[in-house]
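Each chain, letter by letter, is given below.
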Amino acid sequence: MLEFEKMLEAGVHFGHLKRKWNPKMAPYIFTEHNGMHIIDLYKTAAKAEEASAALKQIAKSGKQILFVATKKQAKDIVANIVKEANMPYVTERWPGGMLTNFATIRKAVKKMGNLDRLLNSKENNSISKRERLQITRERAKLEKNLGSIAGLTHLPAALFIVDINKEHIAVAEAKRLNIPTFAIVDTNCNPDLIDFPIPGNDDASKSISLIVDYMCKAIEEGVQERKLDKEAQAEEAAKDVEVKEENAENAPKRRPRKAVAKKTADKE
């Protein structure tokens, strides 16, 4: 569970000014101080634990979780942490239709792969410097927008979002496709839009880092458990084969039916 002291140090409890609050966040607000809402960290810890357990199970099933964080103070932090967990992420700009028009996004990713092959092929020597520069620039643009989701071959099993007000298009697309959503939800947001809301400061880099890192550790645990389960199943299958082979070797050998019938006829 997220440690209370660490959350305090990271400023997870700082919400927005009272005049900016969303009334639906009332259950997660502890008090008001100098016109600013203070988030109840005990509820943050409980919700974070619930969310991390769900993400762990998704990762254990072998599915992917897409992280979305395009705000300035979050994108670099999220990219660095999520990269370690080997999960896809969007930190530059949410391309409209990323989920609802996923086939088009996959075409763009495929195009990026084709450009890679063109640049690395022997035929590249026959391309003029101007054409090569144009291809390189196009490749760099695609890399910036789609590089982190190049390995996303299917729709993600879940979305983790930082600042649902800023990423409202991503939230709407996920809801339309019934994709579960997880998010850091500040006091100016509507938690009802998210399946697993985690009340917390979505503006401070330390707060974002602490919560995202906690989620990614749960995901890594799920991936590791999946790996161990597969190894155990492989060992069990190998043992079953050995037992069957051993039983086959030790089984009493029966004479063919024709030989038995002939012997019986001779006796008669």
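A brief report on the enclosed structure follows.

## Structural notes on the side chain of Ser-207
Mapped onto the fold, Ser-207 is located in helix α7 (residues 205-250). Among residues more than four places away in sequence, those in contact with Ser-207 are Ala-10, Gly-11, Val-12 and Asn-201.

## Quick look at the sheet that holds strand β8 (residues 196-199)
The parallel open sheet is built from five strands, whose spatial order is β5-β4-β6-β7-β8. Single-partner strands in this sheet number two, and they are β5 (89-90) and β8. For strand β6 (residues 158-162) and strand β7 (residues 181-185), the ladder comprises four bridges, and the chain directions are parallel. Across the sheet, the residue bridging to Phe-160 is Phe-182, located in β7.

## Concerning a negative patch on the surface
On the surface, Glu-231, Glu-235, Glu-236 and Asp-240 cluster together into a negatively charged patch. Along the chain, the position of Glu-231 falls in helix α7.

## Things to note about the pairing of strand β2 (residues 29-33)
Regular strands show a simple pattern: their side chains alternate between the two faces of the sheet. For β2 and strand β3 (residues 36-39), the ladder comprises four bridges, and the chain directions are antiparallel. Each residue of the ladder has a partner; that of Glu-32, found in β3, is His-37. Between β2 and β3, which follow one another and run antiparallel, lie two residues, and Asn-34 among them has a positive phi close to 55°.

Rules used throughout
Residues numbered from 1 in each chain as written. Predicted model: local features only at pLDDT ≥ 70, side-chain atom pairs only at ≥ 80, totals over all residues. Heavy atoms only, no water. Helix = DSSP H or I, 4+ residues; strand = E, 2+ residues; numbered from the N terminus. Contact = heavy atoms within 4.5 Å. Pairing = 2+ DSSP bridges. Patch = residues over 30% accessible without salt bridge, like charges linked within 9 Å, V, L, I, M, F, W, Y side chains within 5 Å. Areas by Shrake-Rupley, 256 points an atom, 1.4 Å probe, with all protein chains shown as cover. Salt bridge = Lys/Arg side-chain N within 4 Å of Asp/Glu carboxyl O. Lys, Arg positive; Asp, Glu negative; His and termini not counted. Charge placed at Lys NZ, Arg CZ, Asp CG, Glu CD.

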